[in-house]
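# Descriptive analysis of the structure
Each chain, letter by letter, is given below.
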Amino acid sequence: MSEGRELDQPEEREGAVRPSTAAARRERRASSRPAARKDGSSAESKKSAVKSDDSGDDAKKGRPTKARDGQEKGPSLIGRFFRYIREVIGELRKVIWPTRKQLVTYTGVVLVFVVVMVALVWALDLGFGAAVFELFG
């Protein structure tokens, strides 16, 4: 009887082993979920729709890109310039502009930081200069 159990154990272990690939994990999760989704379609119908879409791509592979000989050209240089200006204005409207108080505060912070960094570089330069004159001269 112990021999029968030993033979059955590896098969049971294979089912309990964690899937090693992402595809296997997705398949395992999908099998434990209910088939219905929020939009009313089932997981199986989505899988079959994906498979049917993939088969159409194989026929398109290998065909050359369509030529643009008969197509109209894009807008002129002036048209593109005005479109660019309209898009810039549209993006500037989305910007959250700081208030005067915030602007003064941020400017002060930047100026203090710059002064501190200039003082640090000046001190390092003075120190390295003195060290070089002591070594070489």
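Before any of the text, the structure's been laid out above.
Throughout what follows, the structure given in this document is the object of discussion. Values in this document were obtained by computation on a predicted structure and should not be read as measured data.

A separate point is the overall build of the protein chain. A tally of helices and strands in the protein chain yields five helices and zero strands. Along the protein chain, helices (α) and strands (β) appear in the sequence α-α-α-α-α when read from the amino end. The burial tally for the protein chain puts 1% of its 137 residues in the buried class. Counting only carbon and sulfur atoms, one obtains 61% of the accessible surface of the protein chain, whose full area is about 13600 Å².

All chains considered together, the criterion is met by two salt bridges. Between Glu87 and Arg83 there is a salt bridge, and its shortest N-O distance comes to 3.1 Å. With Glu87 and Arg83 both in helix H4 (residues 77-94) and four residues apart, this pair spans about one turn of that helix. Judged by its relative accessible area of 42%, Glu87 is partly exposed. A residue is classified by how much of its surface remains accessible, and Arg83, at 49% relative accessible area, is partly exposed. With a shortest N-O distance of 3.2 Å, Glu91 and Lys94 are connected by a salt bridge. Of this pair, Glu91 and Lys94 are both found in helix H4, three residues apart, which corresponds to roughly one turn of the helix. According to the relative accessible area criterion, Glu91 is partly exposed, its value standing at 46%.

As a further point, take the packing of aromatic side chains. Using the criterion set out here, one finds one aromatic pair in the structure. Their ring planes at 65° and their centres at 5.7 Å tell us that Phe81 and Phe82 sit as a pair that is edge-to-face.

With that out of the way, let us pick up a nonpolar patch on the surface. Taken together, Ile78, Phe81, Phe82, Tyr84, Ile85, Val88, Ile89, Leu92, Val95 and Trp97 make up a surface patch of nonpolar side chains, about 980 Å² in accessible area. Looking at where Ile89 falls in the secondary structure, it is placed in helix H4. Classification of Ile89 as partly exposed rests on a relative accessible area of 39%.

Reading the values: the criteria
- Here the residue numbers are simple positions, counted from 1 along each chain's written sequence.
- Side-chain atom pairs in this predicted model are given and counted only at pLDDT of 80 or more, local residue features only at pLDDT of at least 70, and totals for whole chains, interfaces and linings cover all residues.
- Think of the side-chain values as coming from all heavy atoms in the structure, minus any hydrogens and water.
- Helix numbering and strand numbering both begin at the N terminus, where a helix is a DSSP run of H or I of at least 4 residues and a strand a DSSP run of E of at least 2.
- Relative accessibility under 20% of the residue-type maximum defines a buried residue, over 50% an exposed one, and the middle range a partly exposed one, all with a 1.4 Å probe and only protein chains included.
- For accessible areas, the Shrake-Rupley method is used with a probe of radius 1.4 Å. Any residue's cover is judged against the shown protein chains and nothing else.
- Note on definitions: salt bridges are taken to be side-chain nitrogens of Lys or Arg within 4 Å of carboxyl oxygens of Asp or Glu.
- Only Phe, Tyr and Trp rings take part, Trp by its six-membered ring, and two of them pair if their centres are within 6.5 Å. Stacked means planes under 30 degrees apart, edge-to-face means over 60, and tilted covers everything else.
- Surface patches are defined over residues having more than 30% relative accessible area and no salt bridge, joining like charges when they lie within 9 Å and nonpolar side chains (Val, Leu, Ile, Met, Phe, Trp, Tyr) when within 5 Å.

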